[in-house]
Amino acid sequence: MAVLAPLIALVYSVPRLSRWLARPYYLLSALLSAAFLLVRKLPPLCHTLPTQREDGNPCDFDWREVEILMFLSAIVMMKNRRSMFLMTCKPPLYMGPEYIKYFNDKTIDEELERDKRVTWIVEFFANWSNDCQSFAPIYADLSLKYNCTGLNFGKVDVGRYTDVSTRYKVSTSPLTKQLPTLILFQGGKEVMRRPQIDKKGRAVSWTFSEENVIREFSLNELYQRAKKLSKAGDNIPEEQPVALTPTAVPDGESKKDK
């Protein structure tokens, strides 16, 4: 089973791999790599090259070349471990109905400041995160139930727009526990977020279920206030933020929600 699973994943990813490798950049890189190996290992071409090997054999790699190749291999593996994982193990993107507005690095601040009477719940996600993929249908369902004129749902891909992750302090490290992150904005300002960050800068474990989101963000109360805003029209002054009392963040290890 341990051998069969990688083989199935490899066969499944062959079409993507072929399209990826067919790009001129990768073709040229493959040709240059093959040319280097041929020149270094194929007589009589290799006999004309200098060598630092003790035995004087120019057709084998010397210690300096081995070090360089190992270093380059480590760099390539570190740079591509995420993309190779996505190519073989990425779950399907959610393609169902939703009332969600997608932001980029410029439109998110503009939209939050455009009408401060509107309450926004924004998900900061990354396509490579399995947790984000699992939460996508839940978040879409919440947007279908609670979206109205005064309560809007948004998403921004912090894996693509890294400056957004820096501005809103959402880590995009492969080992991060901050993806996805839900932030509630009222009056253009952040009111609360989940998961919380403790005093040591660590994300407090939190379960992204529909019930937890409804309870923690008081969606029923927010929805009722937003409906009143939409019925009253544009003459109502800016709405005061709903008083939400965030749970105290522990300094030590956190426990998952029951």
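Residues numbered from 1 in each chain as written. Predicted model: local features only at pLDDT ≥ 70, side-chain atom pairs only at ≥ 80, totals over all residues. Heavy atoms only, no water.

A. Broad picture of the confidence of the model for the chain. Of all residues in the chain, 70% attain a pLDDT of 70 or more, and the chain-wide mean is 77. Residue range residues 82-91 is modelled with pLDDT below 50. Its contacts to residues more than four positions away, or to other chains, number 21 contacts. (pLDDT = per-residue confidence, 0-100. Contact = heavy atoms within 4.5 Å.)

B. Fine view of the sheet that holds strand E5 (residues 189-194). Strands sit in the order E1-E3-E2-E4-E5 across an open sheet of 5 strands; the sheet is mixed. One side of each edge strand has no neighbouring strand; the edge strands of this open sheet are strand E1 (101-103) and E5. In this sheet, adjacent strand axes meet at a mean angle of 30 degrees when their direction is disregarded. The strands that helix H6 (residues 130-146) touches are strand E2 (119-125), strand E3 (151-157) and strand E4 (181-186); relative to E3, the one it contacts most, it runs at about 160 degrees. (Pairing = 2+ DSSP bridges. Helix = DSSP H or I, 4+ residues; strand = E, 2+ residues; numbered from the N terminus. Axes fitted to C-alpha atoms, helices over the stretch in contact; angles between N-to-C directions.)

C. Quick peek at the packing of aromatic side chains. A complete count under the given rule lists 8 aromatic pairs for this structure. The interplanar angle of 85 degrees and the centroid separation of 5.8 Å between the aromatic rings of Tyr168 and Phe185 together place this pair among those described as edge-to-face. Of this pair, Tyr168 sits in the loop between helix H7 (162-167) and E4 while Phe185 is found in strand E4, placing the two residues 17 residues apart along the sequence. The class of Tyr168 is buried, set by a relative accessible area of 11%. Judged by relative accessible area, Phe185 falls into the buried class, the value being 3%. Linked through ring pairs, Phe135, Tyr139, Phe153, Trp206 and Phe208 together constitute an aromatic cluster. (Phe/Tyr/Trp six-rings, centres within 6.5 Å; stacked < 30°, edge-to-face > 60°. Buried < 20%, exposed > 50% of the residue type's maximum accessible area, 1.4 Å probe, protein only.)

D. Quick peek at the pattern of salt bridges. Tallied over the full model, the rule gives 13 salt bridges. The salt bridge partner of Asp198 is Arg202, with a shortest N-O separation of 3.5 Å. Here Arg202 falls in the partly exposed class, since its relative accessible area comes to 31%. In this structure, a network of salt bridges that share partners links the residues Lys101, Glu111 and Arg114. (Salt bridge = Lys/Arg side-chain N within 4 Å of Asp/Glu carboxyl O.)

E. Spatial organisation of unusual backbone geometry. Along the chain, Leu179 connects to Pro180 via a cis peptide bond; the corresponding omega equals -5 degrees. Along the polypeptide, Pro180 turns up in the loop between H7 and E4. Pro195 follows Arg194 through a cis peptide bond whose omega is 0 degrees. Within the secondary structure, Pro195 sits in the loop between E5 and helix H8 (210-216). Although it is not a glycine, Ser218 sits at a positive phi angle of roughly 50 degrees.

F. Broad picture of H6. Between its first and last C-alpha, H6 extends 25 Å over 17 residues, near the 24 Å set by a 1.5 Å rise per residue. The largest bend along H6 measures about 35 degrees and falls at Ala136, with the proline Pro137 one to four residues further on. Its side-chain oxygen 3.4 Å from the backbone nitrogen of Asp131, Ser129 forms the N-cap of H6. (Expected span 1.5 Å × (residues − 1). Bend = angle between axes of the 7 residues up to and from the residue. Polar contact = N/O pair within 3.5 Å; in protein donor to acceptor, adjacent residues only side chain to side chain.)

G. The pairing of E4, seen in detail. When you tally the buried positions in E4, you get 6 out of 6 residues, the bulk of the element. With 5 bridges joining them, E2 and E4 adopt antiparallel strand pairing. Bridge pairing in E4 links Glu123 to Leu182. Note: E4 against E5, 5 bridges, orientation antiparallel. Bridging across to E5, Leu182 finds its partner in Arg194. Connecting the antiparallel pair E4 and E5 is a turn made up of 2 residues, with Gly187 showing a positive phi of about 65 degrees.

H. A look at the side chain of Asp198. Secondary-structure assignment places Asp198 in the loop between E5 and H8. Polar side-chain contacts of Asp198 include one of 3.0 Å to the backbone nitrogen of Lys200. Within the structure, Asp198 has its side chain in polar contact with the backbone nitrogen of Arg202 (distance 2.8 Å).

I. Here's a closer look at helix H5 (residues 107-114). Residues of H5 that are buried: Ile108, Glu111 and Leu112. Buried residues in H5, looked at end-on, bunch into an arc of 100 degrees, giving them a common side. Turned more than 90 degrees off the buried face of H5, the exposed positions are Glu110 and Arg114. (Arc of directions from axis to C-beta.)

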